[in-house]
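# Reading the structure
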Amino acid sequence: MPTKRTTPDFILMIVTFTLLAVGLIMVYSASAIWAEYKFEDSFFFAKRQTLFAGVGILAMFFIMNINYWTWRTWSKTILIVCFVLLILVLIPGIGNVRNGSRSWIGVGAFSIQPSEFMKLAMIAFLAKYLSERQKLITSFKKGLVPSLGLAFVAFAMIMLQPDLGTGTVMMGTCVVMIFIAGARISHFAFLGLIGVAGFIGLIASAPYRIKRITSFLDPWSDPLGSGFQIIQSLYAIGPGGLFGLGLGESRQKFFYLPEPQTDFIFAILSEELGFIGGSFVILLFALLLWRGIRIALGAPDLYGSFLAVGIIAMVAIQVMINIGVVTGLMPVTGITLPFLSYGGSSLTLMLMAIGVLLNISRYSRY
């Protein structure tokens, strides 16, 4: 266990707080009209997001001061707890249904999304597994199959909700970690073919997923149905131009783009702040990932490196999918934009993950 501790990565902390500040501003700007209409309080979503941010920041600072080897010690227990929560969320009366998915467990006036926390639990456990068995990772039977098998079980349970977006981010993160650990490309190619076949099967098993694919290829074929969100998102981004319409001046948030404070908040940001604003946010994410890579490369042991890699892979995959969906480059999957989109579980999880990264940075050699 590393013991020599220094100051945390200051740049990573500043970038995180900047993204969080931009997110709080944009959540209010994107949601004010809808919140006023539905709850007669234009600050409804903004106040809740601020509360989530406060809880997340406290968790981040608390975790930042916990030696990251603690997660190695408790990773199995945490993973089991998350599996139990994934089971509980499927039980009627315990799990809450929203937009056709049983993904939340209600806690008073708030609710948590167990699948979000499973992502971090899987990263912590897989980092431990890979650091202890790195020499076996080149073996298909003894290395690759066991590590991916556990991730697939979690993915299958998440798909029972169903939540394809979160499951895809988790599986993508696990694949990146296993690849970095030294798995053979030929093994990935073989499993990739099976994965593609399975992915096609998942899409074909649900009519709404097929509609999402067809609307992605040609959203104007069903402009009032499956293609509605993509079209309205593009209508938001296009008029933004170089400098945008101005903060708070979005037109698409006036009941054109459904719930613009969540998955499509980047579209509203681009409409109000333009190409410059959108590029600034992407630059912030690039800086965050750069600091994360530096921390992973400088970690004092394999566990710290794999843990850092998993966290930055999770953030990168989620950012790429969200912005890809918003700009029409990928089918709609229901993925939030880290630190910006409205959502308590997602925001708290991301800030907790940054707390782990900051702790690793206190022991990194760079």
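Cut-off values and rules
Residues numbered from 1 in each chain as written. Predicted model: local features only at pLDDT ≥ 70, side-chain atom pairs only at ≥ 80, totals over all residues. Heavy atoms only, no water. Helix = DSSP H or I, 4+ residues; strand = E, 2+ residues; numbered from the N terminus. Rg over C-alpha atoms; globule rule 2.2 N^0.38 Å. Buried < 20%, exposed > 50% of the residue type's maximum accessible area, 1.4 Å probe, protein only. Contact = heavy atoms within 4.5 Å. Areas by Shrake-Rupley, 256 points an atom, 1.4 Å probe, with all protein chains shown as cover. Phe/Tyr/Trp six-rings, centres within 6.5 Å; stacked < 30°, edge-to-face > 60°. Lys NZ or Arg CZ within 6 Å of the ring centre and 35° of its normal. pLDDT = per-residue confidence, 0-100. Bend = angle between axes of the 7 residues up to and from the residue. Axes fitted to C-alpha atoms, helices over the stretch in contact; angles between N-to-C directions. Parallel < 35°, antiparallel > 145°, perpendicular 65-115°, else oblique. Left-handed = near helix turned anticlockwise from the far one by under 90°. Nonpolar A, V, L, I, M, F, W, Y, C, P; charged D, E, K, R; others polar. Core = buried A, V, L, I, M, F, W, Y, C linked by side-chain atoms within 4.5 Å.

Quick look at the overall build of the protein now. The number of helices and strands found in the protein is 12 helices and three strands. For 366 residues, the compact-globule estimate of 2.2 N^0.38 gives 21 Å, and the protein sits close to it at 20 Å. Considered along the principal axes of its C-alpha atoms, the protein spans approximately 55 × 45 × 40 Å. Considering the protein as a whole, with its 366 residues, one finds that 52% of them fall into the buried category. Of the contacts formed within the protein by residues at least 6 apart in sequence, a portion of 73% connects residues at least 24 apart. A total accessible area of about 16,300 Å² is found for the protein, and carbon and sulfur atoms account for 71% of it.

With that out of the way, let us pick up the packing of aromatic side chains. Here the structure, examined in full by the defined rule, presents 13 aromatic pairs. Ring centres 6.3 Å apart and planes at 35° place the aromatic pair F152 and F155 in the tilted group. Residue F152 and its partner F155 are both found in helix α5 (residues 140–159); the two are separated by three residues, about one turn of the helix. Taken together, the aromatic side chains of F39, F44, F45, F52 and Y342 make up a single cluster linked through ring pairs. Stacked on the ring of W69, the Lys or Arg R72 has its end atom at 4.6 Å from the ring centre. The cationic tip of R291 hangs over the ring face of W290; the distance from NZ or CZ to the ring centre is 4.6 Å.

Per-residue confidence for the protein gives a mean pLDDT of 86, with 92% of residues at or over 70. At the low end of the mean pLDDT range in the protein sits helix α8 (residues 207–217), at 66; at the high end sits helix α10 (residues 265–298), at 95.

A few words on α5. Along α5, the largest kink reaches about 25° and is centred on P146. Every buried residue of α5 is accounted for by G143, L144, S147, L148, A151, A154, F155, M157, I158 and M159.

Another point: the side chain of R72. Looking at the secondary structure, you find R72 in helix α3 (residues 69–88). Using a relative accessible area of 16% as the deciding quantity, one classes R72 as buried.

As a packed pair, α10 and helix α11 (residues 302–326) sit with axes 10 Å apart at the nearest point and diverge in direction by 165°. If you check the angle between α10 and α11, you find them roughly antiparallel. Every pair of crossing elements has a handedness; the one defined by α10 and α11 is left-handed. Taking contact as the criterion, the partners of F266, A267, I282, F285, L288, L289, G292, I293, I295 and A296 in α10 are, on α11, S305, A308, V309, I312, V315, A316, V319, N322, I323 and V326. Within the contact of α10 with α11, the residues separate by chemical class into 17 nonpolar, three polar and no charged.

Bringing the nonpolar core into the picture now. Formed by 101 residues in total, the largest nonpolar core has its most connected members in M118, F339 and L340. It is α11 that provides the largest number of residues to this core, a total of 15 residues. In this structure, M118 is in contact with L79, C82, F83, L86, A154, I158 and M170, ignoring residues within four places of it in sequence.

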